[in-house]
Amino acid sequence: MEQELRKEARKLLDEGKADHIVGFARGSLKFTATPLITREKEEVASLVINPFIVNNLAKFLTEVPGRVGIVAKGCDSRSVVSLIQDNQVSRDDVVIIGVPCSGLIDIAKVEQLVNKDRDEIDDIALQGEKVAVIIGGQKTELPTKEVLFEHCLGCESPTPQEYDILVGIPTNAIGDKELSLRRIKQLEDMVPEQRWAFWKKQLSRCIRCYACRQVCPACFCERCFVEESQPQWISPVSQWQDNLMFQVIRNIHVAGRCTDCGECERVCPQNIPLRSLSKKMSELVDEMFHYQAGIDKDAPALMTAYEPVEAEDLIM
Amino acid sequence: MATKKIGKKEIAKLLGMWNQRLNVFVPFKEENIAKMVRWDGIDVSFLDWYRNTVIPCKANFLPSMERMFSFKKNEDGYHIEIPQDEQKQLIFGIRPCDARGIAMVDKVFTETCEDPYYVSKRKNTVLIGLSCTNPYDSCFCTSLGLKPTESADVDLMFTDIGDEFLIEEITDKGEELLAATSLVKQATKADGAKAKSEKAALSDMVIKKVDTKEIAKKLQACFSDKDYWEKVAAKCISCGVCTFLCPTCFCFDICDELIKKQGARYRGWDSCSFRLYTKMPMENPREEKWRRVRQRVCHKYEFYPMNFDITACTGCGRCIRLCPVNWDISQVLSSLPASATSRSEK
């Protein structure tokens, strides 16, 4: 699949169909990948596809100039579609190289299960229902469901639905809807006071590095409300109340745009379970407006259209 | 000063003794994120799992947010209340890279100007270093003149020699801490020899090597190479992870909070990666991402050495490990072009 991808990417550059290729290269550390943004024909030879290509590359579409050939997993392609719907990107300026995704390995889960850090592990191989982990010559098998990201377990279209070129054959990732919503269910089962205490504790750790916002393709505002000073919507100081407001407002702003790529949660250096907010928001959007983000590039964006049949209890 | 030793099993007792008159801080994991927190008086399990904290120890002196003072206005006029923080504290287990980081931040907050908030915490703190026994693959301290057993920046230095820790007394403050206890014993010549061989072996465990020779000169040469900086900056997402979690980054922002007639002034971490960091009424000299990326690299390896004769990087590797896009500073340092060959822009 990698060879095919490299060939297609090269062809796009050779034929002038793309000015830049945005894909993944091997990361500098074990079990990591890194975004590759290039116009050098030779560099496409380092493109990779593996269970560690975690980034949502749609993030770069709004800043890379010219026509972009973008490597897209299911979630990435949904984000591309969403950006097209929001007029942030023109469909004509992107060549989507679809990559069927078998689910991404959450290295933090592997670390927990084997009680070792990433760099102490020799090998991790995704083999269908099992993930083989080798440490010091010893092989341990873990159930794939327990080491994939939760958003991958809930992904309904791991093979991109919108693409120009599809590399490899469509897959059905190992899904488990229940497991993917487990933590959200736990929060729903709490009484409001418990839930309040939970988020207070979690958001007390926030240091306002804004990695969640910066990594999010749906956060494309030129200027974020957090940085407004006249009026100042929330304090820039990392107090839990303001951190909570930041996340609440951010989630409302990306409602109908969040494609559940899980990046906000993955990059949080303080392990704040941010997907529990964003996924819940997506569920509500689906429930109230029968709308899923990034599915139909020709449909109006959620917040730009109104149907008389829509729920009215949204309006206070 | 003398070299002593203590059995590993006695550590809880030693910490307990110090805890009676000092606020003892140790590495602790909350939601899998390690940082230096107030010791609970019992748990020393960090001795088994601790490699380094996610939040560097600088946060104990320059917290991510801090109230500078409170103010209010009434009939008598304005009233200002400055929080008094004179608590004596002891931080146990700081790694040599983070201790060096504090020594670097000291230059800004004690030498350039005396920052009362920083200075009061700093002078009331003793640092107990703990040699690394298991450096990460992203650690590169040995490329910056440090080693996993470096003792220069702490008051006492503990090094693992099997069932015991060898303790080096570095400062008078450190020596006093051990003066009145029978928990520690004099180290023998054999202990010293063992520690010496351990230390040599530990330095070899830092596998990542970065050529930092003449790095400031190289950076100067390629400063205006826009093409190069644009290329390396392309995947950066301009978040604050690398700077906030860097043991030597010290930038902060100040803001006031006012509710009716009272409020407070706070300061919190700020980052040169943020676009608004240099925003001024008329212009922004670092509006473009490549300029911000360049600033971060140059500040650490070129400007800081110019000002303080020391590189503002300790090779702790956090920025590499925790970067959302695996932007690896060591790769950038190794790929600097010899001179500005292409489009030149300051």
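A quick note: this is a predicted structure, and the numbers were derived from the prediction, not measured. (Residues numbered from 1 in each chain as written. Chains lettered and ligands numbered in written order. Predicted model: local features only at pLDDT ≥ 70, side-chain atom pairs only at ≥ 80, totals over all residues. Heavy atoms only, no water.)

The next subject is the sheet that holds strand 12 (residues 262-269) of chain B. Adjacent strands of a sheet pair through backbone hydrogen bonds, lying either parallel or antiparallel. All names here are of chain B. Pairing is antiparallel across the open sheet formed by 4 strands, whose spatial order is 5-4-12-11. The open sheet is flanked by strand 5 (77-81) and strand 11 (252-259), the only strands paired with a single partner. Neighbour-to-neighbour, the strand axes of this sheet turn through a mean angle of 20°, independent of strand direction. (Pairing = 2+ DSSP bridges. Helix = DSSP H or I, 4+ residues; strand = E, 2+ residues; numbered from the N terminus. Axes fitted to C-alpha atoms, helices over the stretch in contact; angles between N-to-C directions.)

This brings us to the layout of surface pockets. Volume-wise, the second largest pocket comes out at about 1400 Å³. Forming the boundary of the second largest pocket are 45 residues, of which Thr62 and Glu63 of chain A together with Cys236, Lys289 and Arg292 of chain B lie nearest the centre. With 4 residues, helix 8 (residues 226-233) of chain B is the largest single contributor of residues to the lining of the second largest pocket. (1 Å grid on protein atoms, 1.4 Å probe; cavity = no way out; pocket = protein on both sides within 12 Å on 5 of 7 lines; lining within 4 Å. Points joined across faces, edges and corners; volume = space filled by probe spheres on them.)

Another point: the confidence of the model for chain B. Mean pLDDT for chain B: 93, with 98% of residues reaching 70 or above. For this predicted complex, the interface score ipTM comes out at 0.94, while the overall pTM is 0.95. (pLDDT = per-residue confidence, 0-100.)

Right, let's talk about the nonpolar core for a bit. In terms of nonpolar packing, the biggest core is built from 162 residues, with Trp18, Phe92, Phe158, Trp229 and Tyr301 of chain B touching the most fellow members. Once residues within four sequence positions are removed from consideration, Phe92 of chain B is found in contact with Ile11, Leu15, Trp18, Phe25, Val26, Pro27, Met36, Phe46, Ile128 and Phe158 of chain B. Ranked by size, the runner-up nonpolar core spans 6 residues in total, among them Ala255, Val285, Tyr291 and Leu302 of chain A. (Core = buried A, V, L, I, M, F, W, Y, C linked by side-chain atoms within 4.5 Å. Buried < 20%, exposed > 50% of the residue type's maximum accessible area, 1.4 Å probe, protein only. Contact = heavy atoms within 4.5 Å.)

A separate point is the pattern of salt bridges. Here the structure, examined in full by the defined rule, presents 54 salt bridges over all chains. Residue Glu162 of chain A is joined to Arg91 of chain A by a salt bridge in which the shortest nitrogen-to-oxygen separation is 2.8 Å. Placement of the pair is Glu162 of chain A in the loop between helix 5 (150-153) and strand 8 (165-166) and Arg91 of chain A in the loop between helix 2 (74-85) and strand 4 (94-98), with a sequence separation of 71 residues. By relative accessible area, which is 16% here, Glu162 of chain A ends up buried. With a relative accessible area of 17%, Arg91 of chain A lands in the buried category. Across the pair Lys123 of chain B and Glu86 of chain B runs a salt bridge, and its minimum N-O distance is 4.0 Å. Taken as a pair, Lys123 of chain B in helix 4 (residues 116-123) and Glu86 of chain B in the loop between strand 5 and strand 6 (89-94) lie far apart in primary sequence, 37 residues in all. A relative accessible area of 46% means that Glu86 of chain B is categorised as partly exposed. Taken together, the salt bridges that share partners define one network made up of Lys109, Glu150, Arg182, Arg183, Asp260, Glu265, Arg275, Lys279 and Glu283 of chain A. (Salt bridge = Lys/Arg side-chain N within 4 Å of Asp/Glu carboxyl O.)

Moving on to unusual backbone geometry. The peptide bond linking Gln230 of chain A to Pro231 of chain A adopts the cis configuration, its omega dihedral lying at 0°. Mapped onto the secondary structure, Pro231 of chain A falls in the loop between helix 9 (211-214) and helix 10 (240-253). Phi angles above zero are rare outside glycine, and Ser238 of chain B is one such case at about 60°. Take Ser238 of chain B: it is sitting in the loop between helix 8 and helix 9 (241-244). Of note, Asp309 of chain B is a non-glycine position whose phi angle comes to about 60°, a positive value. With respect to the helices and strands, the residue Asp309 of chain B is situated in the loop between helix 10 (289-308) and helix 11 (318-321).

The next point concerns the environment of Phe252 of chain B. All names here are of chain B. Note on placement: Phe252 falls in strand 11. Between the C-alpha atoms of Phe252 and Lys235, which are 17 residues apart in sequence, the distance is 25 Å. Beyond its immediate chain neighbours, meaning those up to four positions away, Phe252 contacts Phe109, Arg267, Gly268, Trp269 and Asp270.

Another point: the interface of chain B and chain A. In this assembly, 40 residues from chain B lie in contact with 45 residues from chain A. A buried area of about 3400 Å², summed over both sides, lies between chain B and chain A, and 51% of it is on carbon and sulfur atoms. Considering only the side of chain B, the residues that lose the most area to chain A are Glu31, Asp137 and Ile237 of chain B, jointly responsible for 15% of the buried surface there. Inspection of the chain B/chain A interface yields 8 salt bridges. For Arg51 of chain B, the salt bridge goes to Asp119 of chain A, with nearest N and O atoms at 2.8 Å. Joining chain B to chain A, the criterion identifies 22 residue pairs in polar contact (both at pLDDT 80 or more). Elements represented by at least two residues in the side of chain B that touches chain A include exactly helix 9, strand 11, strand 12 and helix 11 of chain B. Of the residues contributing to the side of chain B that touches chain A, the split by class is 21 nonpolar, 8 polar and 11 charged. (Buried area = accessible area lost by both parts, 1.4 Å probe. Polar contact = N/O pair within 3.5 Å; in protein donor to acceptor, adjacent residues only side chain to side chain. Nonpolar A, V, L, I, M, F, W, Y, C, P; charged D, E, K, R; others polar.)

Residues and elements named next belong to chain B. Taken as a whole and assessed by the stated rule, the structure comprises 11 cavities of 30 Å³ or more. Here the largest cavity defines a volume of roughly 180 Å³. Contributing to the lining of the largest cavity are 17 residues, with Cys236, Cys239, Cys242, Ser273 and Arg296 lying nearest its centre. Contributions of two or more residues to the lining of the largest cavity are made by helix 9 and helix 10.

Residue and element names in this part refer to chain A. Sheet topology note: the strand 5 (residues 123-127)/strand 6 (residues 130-135) ladder contains 5 bridges and is antiparallel. Its bridge partner being in strand 6, Gln127 is matched across the sheet by Lys130. Hairpin connection between strand 5 and strand 6: a loop of 2 residues separates the two successive antiparallel strands, and Gly128 in this loop has a positive phi of roughly 65°. Strand direction decides the pairing type here: strand 6 and strand 7 (residues 138-143), joined by 6 bridges, are antiparallel. Opposite Lys130, over in strand 7, you have Pro143 as the bridge partner. Connecting strand 6 to the antiparallel partner strand 7 that follows it, the hairpin turn spans 2 residues, and Gly136 within it adopts a positive phi of roughly 55°.

For the rest of this paragraph, the subject is the packing of aromatic side chains. Residue and element names in this part refer to chain B. Under the defined criterion, the tally for this structure stands at 20 aromatic pairs over all chains. Taken together, Phe61, Phe109, Tyr118, Phe250, Phe252, Tyr304 and Phe308 form an aromatic cluster joined through their ring pairs. Residue placement shows Arg51 over the ring face of Tyr136; its charged tip is 4.1 Å from the ring centre. (Phe/Tyr/Trp six-rings, centres within 6.5 Å; stacked < 30°, edge-to-face > 60°. Lys NZ or Arg CZ within 6 Å of the ring centre and 35° of its normal.)

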